[in-house]
Structure formats: structure tokens, C-alpha cells
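Breakdown of the fold
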Amino acid sequence: MARGGRLNQKPAEIFQDMTASAGFDGRLAPYDVVGSLAHVQMLAAQGIVRPSEARKIQQGLKKIQQKIEKGTFKSRKELDDIHMTIEAALHRLIGSAAGRLHTARSRNDQVATDLRLWLRDRLVALDGDLQALQGALLEQASAHIMTVMPGLTHQQNAQPISFAHHVLAYGDMLDRDRQRLAACHGRVNESPLGSAALAGTSFPIDRKATAAALGFDRPMANAIDAISARDFAMEFLAVTSICSLHLSRLAADMVLWMSTPLGFVSLPDSLVSSSSIMPQKRNPDAAELVRGKTGRLIGHFTALASVIKGLPLGYAMDLQEDKQAVFDAADTIDLSVRCMTEMVKGMTVNADAMAAAAGHGYTTATDLADWLVRVADVPFRQAHRITGRVVSLAVRKKCDLEDLSLTELQKIDPRFTAQARRVLSPMASMQSRTSEGGTAPGQVRRALVRARRRYQKNFL
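Here we summarise the structure given alongside this text. (Residues numbered from 1 in each chain as written. Predicted model: local features only at pLDDT ≥ 70, side-chain atom pairs only at ≥ 80, totals over all residues. Heavy atoms only, no water.)

**Section: the overall build of the protein chain**
Secondary structure assignment for the protein chain yields 18 helices and six strands. For a compact globule of 460 residues, the expected C-alpha radius of gyration is about 23 Å, and the protein chain comes in at 30 Å, more than 25% above that figure. The C-alpha extent of the protein chain, read off along each of the three principal axes, is 100 × 50 × 40 Å. Relative to its full complement of 460 residues, the protein chain shows a buried share of 48%. Residue pairs at least 24 apart in sequence account for 75% of intrachain contacts in the protein chain once pairs closer than 6 positions are excluded. Carbon and sulfur atoms make up 53% of the accessible area of the protein chain, which amounts to about 22,000 Å² in all. The centroid of the 58 positive side-chain charges in the protein chain is displaced by 2 Å from the centroid of its 46 negative side-chain charges. (Helix = DSSP H or I, 4+ residues; strand = E, 2+ residues; numbered from the N terminus. Rg over C-alpha atoms; globule rule 2.2 N^0.38 Å. Buried < 20%, exposed > 50% of the residue type's maximum accessible area, 1.4 Å probe, protein only. Contact = heavy atoms within 4.5 Å. Areas by Shrake-Rupley, 256 points an atom, 1.4 Å probe, with all protein chains shown as cover. Lys, Arg positive; Asp, Glu negative; His and termini not counted. Charge placed at Lys NZ, Arg CZ, Asp CG, Glu CD.)

**So, the nonpolar core**
If you look at soluble globular proteins, the nonpolar side chains tend to sit buried side by side. Core analysis: the largest hydrophobic core is formed by 99 residues, its most contacted members being Trp118, Phe236 and Met340. In terms of residue count, helix H9 (residues 231–258) provides more of this core than any other element does, 14 residues in total. (Core = buried A, V, L, I, M, F, W, Y, C linked by side-chain atoms within 4.5 Å.)

**A closer look at the pairing of strand S1 (residues 148–153)**
Taken together, the six bridges between S1 and strand S2 (residues 156–162) define a ladder with antiparallel strand orientation. Following the sheet pairing, proline 150 is matched in S2 by proline 160. Hairpin connection between S1 and S2: a loop of two residues separates the two successive antiparallel strands, and histidine 154 in this loop has a positive phi of roughly 55°. (Pairing = 2+ DSSP bridges.)

**Some details on empty space enclosed by the protein**
Applying the stated criterion across every chain, the model contains three cavities of 30 Å³ or more. Approximately 50 Å³ is the volume attributed to the largest cavity. Taken together, Gly359, Tyr362, Thr363, Thr364, Asp400, Leu401, Glu402, Leu424 and Pro426 make up the full set of residues lining the largest cavity. Residue composition of the lining of the largest cavity, grouped by class: four nonpolar, three polar and two charged. (1 Å grid on protein atoms, 1.4 Å probe; cavity = no way out; pocket = protein on both sides within 12 Å on 5 of 7 lines; lining within 4 Å. Points joined across faces, edges and corners; volume = space filled by probe spheres on them. Nonpolar A, V, L, I, M, F, W, Y, C, P; charged D, E, K, R; others polar.)

**Describing the side chain of serine 429**
Topologically, serine 429 is positioned in helix H17 (residues 426–432). For serine 429, a relative accessible area of 0% gives the class buried. In this view, serine 429 contacts Pro160, Thr364, Asp367 and Val423; residues no more than four positions away in its chain are not counted.

**Remarks on the layout of surface pockets**
Its volume calculated, the largest pocket comes out at about 440 Å³. If you list the elements that add at least two residues to the lining of the largest pocket, you get S1, helix H6 (163–188) and H9. The element best represented in the lining of the largest pocket is H9, accounting for five residues.

**Focus on the environment of methionine 234**
Assignment of secondary structure puts methionine 234 in helix H9. When its relative accessible area of 17% is taken as the criterion, methionine 234 is described as buried. For methionine 234, the residues in contact, after removing those within four places along its chain, are Phe301, Leu304, Ala305 and Ile308.

**Thoughts on the pattern of salt bridges**
Per the stated rule, a full pass over the model turns up 20 salt bridges. For the salt bridge of arginine 415 with aspartate 413, the shortest nitrogen-to-oxygen distance reads 2.9 Å. In this structure arginine 415 comes out as partly exposed when scored by relative accessible area, which is 35%. The class for aspartate 413 is buried, based on a relative accessible area of 6%. Linked through salt bridges whose partners overlap, the residues forming this network are Arg27, Arg122 and Asp331. (Salt bridge = Lys/Arg side-chain N within 4 Å of Asp/Glu carboxyl O.)

**Quick look at a nonpolar patch on the surface**
Side chains of Ile242, Leu245 and Ile298 sit close together on the surface and give an oily, nonpolar patch of about 210 Å² of accessible area. Examined against the element boundaries, leucine 245 turns out to sit in helix H9. (Patch = residues over 30% accessible without salt bridge, like charges linked within 9 Å, V, L, I, M, F, W, Y side chains within 5 Å.)

**Some remarks on the environment of valine 444**
Within the secondary structure, valine 444 sits in helix H18 (residues 441–455). Expressed as a C-alpha distance, the spacing of valine 444 and serine 162, which sit 282 residues apart in the sequence, is 8.5 Å.

**Points about the packing of helix H5 (residues 107–143) against H18**
Contact pair H5 / H18: the axes reach a minimum separation of 10 Å and the direction vectors enclose 165°. Our classification of the angle between H5 and H18 gives roughly antiparallel. At the point where H5 passes H18, the crossing takes the left-handed sense. Of H18, the residues touching H5 (which contributes Gln131, Gln134, Leu138, Ala141 and Ser142) are Leu448, Ala451, Arg452 and Tyr455. Split by residue class, the contact of H5 with H18 holds five nonpolar, three polar and one charged. (Axes fitted to C-alpha atoms, helices over the stretch in contact; angles between N-to-C directions. Parallel < 35°, antiparallel > 145°, perpendicular 65-115°, else oblique. Left-handed = near helix turned anticlockwise from the far one by under 90°.)

**Some details on unusual backbone geometry**
With a phi angle near 55°, histidine 154 is a residue other than glycine that sits in the positive phi range. Accessibility expressed as a relative area gives 76% for histidine 154, which makes it exposed. Backbone geometry places lysine 398, a non-glycine residue, at a positive phi of 55°. You can see lysine 398 is positioned in the loop between helix H14 (380–397) and helix H15 (406–412).

**Quick word on the side chain of threonine 364**
With respect to the helices, strands and loops of the structure, threonine 364 is situated in the loop between helix H12 (351–358) and helix H13 (365–376). When residues no more than four places from it in sequence are discounted, the contact partners of threonine 364 are Pro160, Leu401, Val423, Leu424, Ser425, Pro426 and Ser429.

The values are spatial; any link to function lies outside them.
Okay, structure coming up:
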């Protein structure tokens, strides 16, 4: 904690408990050292710090860096945060020369720089994890182009689709998530360093040099914006929330598919749990937790947005609340993505169960109506009413549409022919959906080719 100046008393313990971030910001330590090395190198190059002192500072920082890499460097609560902990450690190593390091910077631009550096790496890592999940989805889709299943709307059987078509929808959702990550990365990758407290500094610093040394695209244009902006953190939380919503929908599908009445898919024993009382159970706990953690991620975005909402421009200690939200969101989405990847890889598809269910609920009724439009030149609304009567007959007879005879169809409308009955199988229905983006095998194969090309693209 920064003391001194006009403060003459030690901080109260409750004040320390309220303000300390040392318990959670230790993961910024490697980035704090890297930022400090770039800063002192620039100070020496600009003649602000003597070369001999700069070398001592660099040597001390590199020793601290080695301890961080070995996991032997510890934060100290009484020093408030990781920045002051590192500065104190540097002072113990090299003495008063350590005091030169903070020239022309503030903890305000320091922490903003550290967080951006940390988040930049996590964005790259998350993009790689999402790419791996897309790869697992591609493998499942490639194996099940001809696997017919019921497509649902309103959680009711709607029309037959291929399992590959369904799976690829999630791959495309993740593609948009990756594009959002890349856009977020572009806004994260600007350097606040050198903005100092909020007004810049009177020292002749070179912000472009430190930005380049740290791999940033450019320095941030406005010093007060640089130290107070947390929209980059909110954007990350928004992106992870949206991504988690997509994972949640896939998880919900997996829970449904694994249910005993359906039995569409199964997972290996290593990815399910049993019951404390019912030994026969194979519970999809991991999928349920992926679904459940979505609320946690949305909560982090809401929490930080609520903090920012009340702040006037400039730095305020409220901004310390950004890190726990961002840290936990990064950990949570990473775990969820990697866990989902393992489930998709390990998933065994029961094609027979899917095919048996594909025709339940009269899912080929639209195909019959389309036949009337296409062959008998019946307006679709009229065809819809005629087909509704056919469905009602099947309901009364407690049979599938395929089981109705041509005679029974012609009693409803004489324009039906034997050809009409051939459109009523789920496989024929699936194969007929040849429009772009449709579920017909030819379209799905083309979609797979495009997906492989897109999913292999590195956005970051």
C-alpha cells in the first residue's frame, strides 16, 4: 500500500482488508515485471535514468522474474498489491536505485498495462481452445452426414435433419465467438503505459517505444481514457458470456440426447458420474455444470458493468473490482471449453435411436404439403390444410404418416399419387433439403469443406 506523503498513521486493519488486492492479483506478476523492464529500458534510452541505475534495476527485475517463474515469489498483503510487492522486493535486492523505476508512471497506468498484457495472452489461449472444440465437432459431423435425427422447434419434433447438420451449427456459433475474441484482442492491444496518473508526465518519455517493446499495436491516445477505461474488460466478459451461452445450448442438447427416453448419445464412464443411491445412473454432470456456469459468467459482466456505471471519468478504487471478475471468467470459460471438447470427442452416437425417433411426431408432414405444391400445383396454404387432415387421420389411427395407404390419402384429396408416399420417410425428407445451408447430404458435405477452411483460420 502506498503510504507516506501527508499520511502519518499506519493503515487500519479493516482498511487493509478492504483495499488489498494481493490475494488475487498475483497472476499479474509476470506481466508487471515485463512492463517494468520495458519502462526502465525506455527511461534509460531517454536519459531520464542513468544507465548504471537502469542496469541495476533490470538485473533486480530479472531475479524477481526468475522467482516468479519458479513459483517462489509471494504477494504480501500489507503491501496492498502485486505492484508494490514487486517494488519492495526490488528495493531489498538493489537498494535505493529501485526508487527510480516508478519515474514517469503511476500505478494507474501500470495496472491497466498489466491487465491488458495478461488478457491478451488469455484471448490467444481461449481462441486455441475454441479451435480445438471446433475440430472435435468437425470430426463428429464428418462421421454422421447420413445419420438422420429429429430436428426440434419448441422442443417438439419438427423435421428430419442430419446429425452433422446439427453439430455444424455449433461450430459456426463458435466461429463467431472467435471473431469476437479477435475484435476484442484488437481493442485490448493498446498501451496505457506512460499515461501516469491521468494527465501524462512532464518527463520526455517515448510511449511508442514501450508500446512496441511490449507488443502493443500503439499507445492509447488519451491518458485519462487509458487509465480509467475498462470497456476492454467488459468486452471480454461479454464475449465470454456469449460463448458460454453457446456452450450451454450444446450442453443442454447433450443432456437431452443422453436422457433415457432418447439415448441418442453416450459418454465414456470417465466423463459421467453415478448416483450416491442409484447404482444404475450415468449422470451428465459435466454438461450440466457447463450449462450452469453460464450464469456465473453473465454475472461477472453484469457486476463490472454496474461498477463502471457509477464512475465519473478518472481513476477510482472501484476499478479494482475488474480483476476478480476477469480472472474468474477467463478460468471458467477455459474450463468449460476444454471440458466440452472432451465430451464431444468422447461422444458415441446411437444412429439407430436417432433414426427411429426422426419420424415421430409426423415430421414429414411439410414434405407432403410441399409435394402438393410442387406436383399438384396446389397453393401452399391449401396444401397445409390438406396435410393437416392427413396428420389428423394418422393420429386417429395411431400410426406414422408412412403407414397410411394411398387409398386413405386419396380419400382426403384425390390428387395424391403413389409418388406422394415416397416423400414421407425421414431419410427422403432429409435428402430433399437441398437449399444452401440445408440438411441434405450434398449441402452438408459442402458445408464441411467450408467449415474446415474457416475453422483452421487463425484469428489471433
